[in-house]
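Here are the chains, one letter per residue:
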Amino acid sequence: MLGSNNYLGLTRHPRVVQATSDAVKRYGTSMTGSRLLNGTTVLHERLEELLATFFGAEACLTFTTGYQANLGTISALVNRRAVVVIDKADHASIYDGCALSDGEMVRFRHNDVEHLEQTLAKVTQEKSALVAIDGVFSMGGDIARLPEIMEVCRRYNARLLLDDAHGVGVLGEGGRGTASHFSMLEQMDLIVGTFSKSLASIGGFVTGPAHVIEWLKHFARPGVFSASMPPASVVAATTALEVLMEEPRMVDKLNANAELLRNGLRNAGFDIGASVTPIVPILIGDEVKMVNFWKELLAGGVYTNAVIFPAVPRGAGILRTSCMATHSPEQIKKAVALMAELGRRHKVIPE
Ligand SMILES: Cc1ncc(COP(=O)(O)O)c(C=O)c1O
């Protein structure tokens, strides 16, 4: 399995599985309502407290998916008098949050701080701005230039939303993500995350100042008009976070595996772009060539992700690979050997 987002392998951790099945027996299968009506339990509140503590934030609000966390946060904060400025390579949920908001959306070139600065210089003349970026980019596996981006935001009095879906559990002290990686946790305005990757569940969250989180509770439409996370999902995420807090070395194991995967693929001659994380894309371009390569890898026992438009631009097909903390080095080496053999056959790398 070189194509999941189960970075820490916690979906099958015995404690996570046990606590989740106990939660279903005790609390039932669904909340059948939104957070503001009948969809709040002590379990939801406990998870929010734990996340706020983990990230050193004042408060936290959970959503039923990470997609909804971006949708709700951006649309509730960006009104007619504001602009949301996003990185071109941001996740679709950020784009869709902009579409749902009443404000204008402007994009800057991927991770290009100079272009961000030019954009903010223009838009902040008349309006206030929220900058929204991914911490770790979900297709490229590269990391946002957070220190420089934050510096520019502060200069133009813009707020920053960091979507760290792929940074949490992967980067930083004890898996606290991209902001922690740059020792910037205490400077952050808003961190959005998901439970559907390292945290072995489904659901999403945003952390930030208490008054902003209070606003979101009442005005983030996906939180108000959609049923809340079921108890099983809440408990799975809570237990996964507890396991991560007790065993932070899992993150080191993940990153050692990621280095092995990146070096193995690079040494075999693959173009892995700017990846510095466990997300390691193989840049191929021609979609048909990429899908044929993907199919043979699957037949050979290695699952990867075939990624085409609209997740990447047309004609920029990639094979997205990603490793887990629970892989053995032997598994990674074996997969890389098969990729090298089939990569030569499919002319992805020279023979
Ligand atoms: C960067 C990023 N943000 C948000 C999401 C949405 O997360 P979820 O799967 O919890 O809806 C994803 C998932 O694909 C993602 O990659």
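Look up: the structure comes first, before these words.
The rules we used
Residues numbered from 1 in each chain as written. Predicted model: local features only at pLDDT ≥ 70, side-chain atom pairs only at ≥ 80, totals over all residues. Heavy atoms only, no water. Near = heavy atom within 4 Å. Polar contact = N/O pair within 3.5 Å; in protein donor to acceptor, adjacent residues only side chain to side chain. Areas by Shrake-Rupley, 256 points an atom, 1.4 Å probe, with all protein chains shown as cover. 1 Å grid on protein atoms, 1.4 Å probe; cavity = no way out; pocket = protein on both sides within 12 Å on 5 of 7 lines; lining within 4 Å. Sits in = over half its atoms within 2 Å of the grid points. Nonpolar A, V, L, I, M, F, W, Y, C, P; charged D, E, K, R; others polar. Axes fitted to C-alpha atoms, helices over the stretch in contact; angles between N-to-C directions. Helix = DSSP H or I, 4+ residues; strand = E, 2+ residues; numbered from the N terminus. Parallel < 35°, antiparallel > 145°, perpendicular 65-115°, else oblique. Contact = heavy atoms within 4.5 Å. Left-handed = near helix turned anticlockwise from the far one by under 90°. Buried < 20%, exposed > 50% of the residue type's maximum accessible area, 1.4 Å probe, protein only. Pairing = 2+ DSSP bridges. Points joined across faces, edges and corners; volume = space filled by probe spheres on them.

**Student:** Explain the site of the ligand to me, please; I cannot follow it from the model alone.
**Tutor:** Near the ligand there are 14 residues, and of these Gly-66, Asp-163, His-166, Thr-194 and Lys-197 occur at the shortest range. The separation between an oxygen atom of the ligand and a polar side-chain atom of His-166 is 2.6 Å. At 3.0 Å from an oxygen atom of the ligand is found a side-chain nitrogen or oxygen belonging to Ser-196. In isolation the ligand exposes 390 Å². Once the protein is present, 83% of that is buried. The pocket occupied by the ligand, as judged from atoms lying within 2 Å of grid points, is the largest pocket. Partitioned by chemical class, the residues of the shell around the ligand number two nonpolar, nine polar and three charged.

**Student:** It is not clear to me how the packing of helix H3 (residues 66–77) against helix H8 (residues 210–219) should be interpreted in this structure. Could you clarify?
**Tutor:** When two helices pack together, their arrangement is given by the angle between the helix axes and the distance between those axes. Close contact between H3 and H8 brings their axes to 10 Å; oriented N to C, the two are set at 100°. Considered as vectors, H3 and H8 are oriented roughly perpendicular to each other. Residue-level inspection shows Gly-72, Thr-73, Ala-76 and Leu-77 of H3 in contact with H8, the latter providing Val-212, Trp-215, Leu-216 and Phe-219. Here the residues of the contact of H3 with H8 are counted per class, giving six nonpolar, two polar and no charged.

**Student:** Please explain the packing of helix H5 (residues 113–123) against helix H6 (residues 146–155) as it appears in this structure.
**Tutor:** Packing of H5 against H6 brings their axes to within 10 Å, and their N-to-C directions diverge by 15°. Here H5 lies roughly parallel to H6, going by the angle between them. Handedness of the H5/H6 crossing: right-handed. Between H5, through Val-113, Leu-116, Glu-117 and Leu-120, and H6, the contact on the second element is made entirely by Glu-148, Ile-149, Val-152, Cys-153 and Arg-155.

**Student:** Any chance you could explain the pairing of strand E10 (residues 317–322) here in plain terms?
**Tutor:** Successive side chains on a regular strand alternate, one facing one side of the sheet and the next facing the other. Burial of E10 is extensive: six of the six residues sit out of reach of the surface. Along E10, one buried face is formed by Gly-317, Leu-319 and Thr-321 and the opposite face, lined by Ile-318, Arg-320 and Ser-322, is buried too. Where strand E8 (residues 279–285) meets E10, six bridges bridge the pair, whose relative direction is antiparallel. When the bridges of E10 are listed, Pro-281 appears paired with Arg-320.

**Student:** Hey, could you run me through the layout of surface pockets in this one?
**Tutor:** To find the voids left in a structure, one rolls a probe of water-molecule size over its atoms. For the largest pocket, the calculated volume is near 990 Å³. In terms of lining, the largest pocket is formed by 46 residues, of which the most central are Ala-89, Asp-90, Ser-138, Met-139 and Ala-311. Breaking the lining of the largest pocket down by element, the ones donating at least two residues are H3, helix H4 (92–100), strand E6 (190–194), E8 and E10. In terms of residue count, the dominant contributor to the lining of the largest pocket is E8 (four residues). A per-class count over the lining of the largest pocket returns 21 nonpolar, 17 polar and eight charged. Roughly 570 Å³ of volume is contained in the second largest pocket. Taken together, 28 residues form the lining of the second largest pocket, with Arg-159, Asp-189, Leu-190, Pro-209 and Val-212 sitting closest to its centre.

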